[in-house]
Amino acid sequence: MTASTAPEATSKVCAVPAPTVPPQIRDPQHMTPADARALTRIFLLRLDALEEGTQEFQYVRNTLIEMNLNLVRFVARRFSGRRDAIEDMLQVGTIGLIKAIDRYDIARGVEFTTLAVPYIQGEIKRFFRDTTWSVRVPRRLQELRIELARAREQLEGQGIHEPSVADLATHLDLDEAEVAEGVVASNGYDSQSLDRPIQDDSKQQSGFVADLMGTDDPALALAEDIQALKPHLAELGDRDRTILELRFGAEMTQTEIGNQLGLSQMHVSRLINRICTHLREKMLATG
């Protein structure tokens, strides 16, 4: 007895539709969002089937980028407080879009925007994190500034209007010294020109911010030096102190000092040089 067995037909359900030849699009940047979404899937299917480096691959990839530039603009608008950097945001956001196109896996069945939006947003955030600090600070302090701003907002919502370093440290479960360092570093995030006009609602002040900046006062430095010199003067002998008082206090000449103390002018000169050298060394030693 012969038994004939028909081969069992096996069918594999493919989750990815067969790629179709995408249409030629004259102006992909001015498509409606609905058309862009529909055509994006067709172009992604075709891109997945093409060999990288071919002319058609370049056309499909470039068209995908142009069709989805509105997605970049949509994400950039979320950073509404950064209007002055809109062009930079569009450029770095487009980099995120390109990365999403190159890394998108059509077999996963995930919407392209689900992958693209985080990529675009991540590039824009990285741009602000790395380029908008007026003073360069370590990356950990840049990230800590964001945590501090969020913590301050949360604490203010709880009724703490001016959170202290201790409040922030407790809220973030961090050391107070680390939080204090982050607060100081946050000052480097933004800067303003010294030529900026003074903003005074009371109209009591006018001019520029530079007018409010203090300058070094030579008299103050002299007063500090005198205070530092006093203990060293007290260590001198009576004759040395008398010579200094007559020379620098009474402003007498070396000859006049010599006549009053019974010394030659040359001897007085040598004594003054020795005393001043001694005091200078003492001052330098104490900083």
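Draft legend 1. A look at the overall build of the protein chain. Scanning the protein chain for helices and strands turns up twelve helices and zero strands. Taken from N to C terminus, the helices and strands of the protein chain fall in the order α-α-α-α-α-α-α-α-α-α-α-α. Buried residues in the protein chain amount to 28% of all 287 residues. Partitioning the intrachain contacts of the protein chain with sequence separation of at least 6 by distance along the chain shows that 53% fall at a separation of at least 24.

Draft legend 2. View of the packing of aromatic side chains. Scanning the model with the defined rule gives two aromatic pairs in all. With centroids separated by 6.2 Å and ring planes inclined at 55°, the aromatic side chains of Phe43 and Tyr59 adopt a geometry described as tilted. Here Phe43, found in helix H1 (residues 33–49), pairs with Tyr59, found in helix H2 (residues 55–67); they are 16 residues apart in sequence, far enough to count as distant. Classification of Phe43 by relative accessible area gives buried; the value is 0%. A centroid spacing of 5.6 Å and a plane angle of 80° characterise the contact between Tyr104 and Phe112, whose relative ring orientation is edge-to-face. The same class applies to Tyr104 and to Phe112, which are both buried.

Draft legend 3. A look at the confidence of the model for the protein chain. For the protein chain, mean pLDDT is 78; residues scoring 70 or higher make up 73% of the total. For the stretch residues 1–16, pLDDT sits under 50, and the model shows three contacts to residues farther than four places along the chain or on other chains.

Draft legend 4. Broad picture of a negative patch on the surface. Negative charge collects at one region of the surface, where Glu143, Glu147, Asp175, Glu176 and Glu178 lie side by side. Secondary-structure elements contributing two or more residues to the negative patch are helix H6 (139–157) and helix H8 (176–186). Among the secondary structure elements, Glu143 is positioned in helix H6.

Draft legend 5. Spatial organisation of the packing of helix H10 (residues 238–249) against helix H12 (residues 265–285). One can describe the packing of H10 onto H12 by two numbers: an axis separation of 10 Å at closest approach and a directional angle of 100°. With respect to H12, the axis of H10 lies roughly perpendicular. Taken together, the residues of H12 that come into contact with H10 (itself represented by Arg239, Asp240, Ile243, Leu244, Arg247 and Phe248) are His267, Leu271, Ile272, Arg274, Ile275, Cys276 and Leu279. Considered class by class, the residues forming the contact of H10 with H12 number eight nonpolar, one polar and four charged.

Draft legend 6. Region of interest: the packing of helix H3 (residues 69–76) against helix H4 (residues 86–103). Running from amino to carboxyl end, H3 crosses H4 at an angle of 125°, the nearest separation of the two axes being 9 Å. By the angle class used here, H3 and H4 are oblique. With respect to the hand of their crossing, H3 and H4 are arranged in right-handed fashion. Between H3, through Leu69, Val72, Arg73 and Ala76, and H4, the contact on the second element is made entirely by Ile86, Met89, Leu90, Gly93, Thr94 and Leu97. Looking at the contact of H3 with H4 residue by residue, the classes come out as seven nonpolar, two polar and one charged.

Draft legend 7. View of H3. Along H3, the residues classified as buried are Leu69, Leu71, Val72, Val75 and Ala76. For H3, the arc enclosing every buried residue in end-on projection is 155°, short of the 170-degree limit, so these residues lie on one face.

Draft legend 8. Geometry of the pattern of salt bridges. Here the structure, examined in full by the defined rule, presents six salt bridges. Note that Glu56 and Arg46 form a salt bridge whose closest N and O atoms lie 2.9 Å from each other. Taken together, the residues Glu56 in helix H2 and Arg46 in helix H1 connect sequence positions ten residues apart. Overall, Arg46 belongs to the buried group, its relative accessible area being 17%. Where Arg108 meets Asp105, a salt bridge forms, and the shortest distance between an N and an O atom there is 3.8 Å.

Draft legend 9. Examining the nonpolar core more closely. Residues Leu64, Leu97, Phe112 and Ile124 are the most contacted members of the largest nonpolar core, which totals 33 residues. At the level of secondary structure, the elements contributing two or more residues to this core comprise H1, H2, H3, H4 and helix H5 (112–131). Examining the composition of this core, we find that seven residues originate from one element, H5, more than from any other. Those residues within four positions of Leu64 in sequence are excluded, and the remaining contacts are Thr40, Phe43, Leu44, Leu47 and Ile101.

Draft legend 10. Here's a closer look at unusual backbone geometry. One non-glycine residue, Asp173, adopts positive backbone phi at about 60°. Here Asp173 lies in the loop between helix H7 (165–172) and H8. The phi dihedral of Glu251 is positive, around 55°, even though this residue is not glycine. In this structure, Glu251 sits in the loop between H10 and helix H11 (254–261). Under the relative-accessibility criterion, Glu251 is labelled exposed at 64%.

Rules and cut-offs
Residues numbered from 1 in each chain as written. Predicted model: local features only at pLDDT ≥ 70, side-chain atom pairs only at ≥ 80, totals over all residues. Heavy atoms only, no water. Helix = DSSP H or I, 4+ residues; strand = E, 2+ residues; numbered from the N terminus. Buried < 20%, exposed > 50% of the residue type's maximum accessible area, 1.4 Å probe, protein only. Contact = heavy atoms within 4.5 Å. Phe/Tyr/Trp six-rings, centres within 6.5 Å; stacked < 30°, edge-to-face > 60°. pLDDT = per-residue confidence, 0-100. Patch = residues over 30% accessible without salt bridge, like charges linked within 9 Å, V, L, I, M, F, W, Y side chains within 5 Å. Areas by Shrake-Rupley, 256 points an atom, 1.4 Å probe, with all protein chains shown as cover. Salt bridge = Lys/Arg side-chain N within 4 Å of Asp/Glu carboxyl O. Lys, Arg positive; Asp, Glu negative; His and termini not counted. Charge placed at Lys NZ, Arg CZ, Asp CG, Glu CD. Axes fitted to C-alpha atoms, helices over the stretch in contact; angles between N-to-C directions. Parallel < 35°, antiparallel > 145°, perpendicular 65-115°, else oblique. Nonpolar A, V, L, I, M, F, W, Y, C, P; charged D, E, K, R; others polar. Left-handed = near helix turned anticlockwise from the far one by under 90°. Arc of directions from axis to C-beta. Core = buried A, V, L, I, M, F, W, Y, C linked by side-chain atoms within 4.5 Å.

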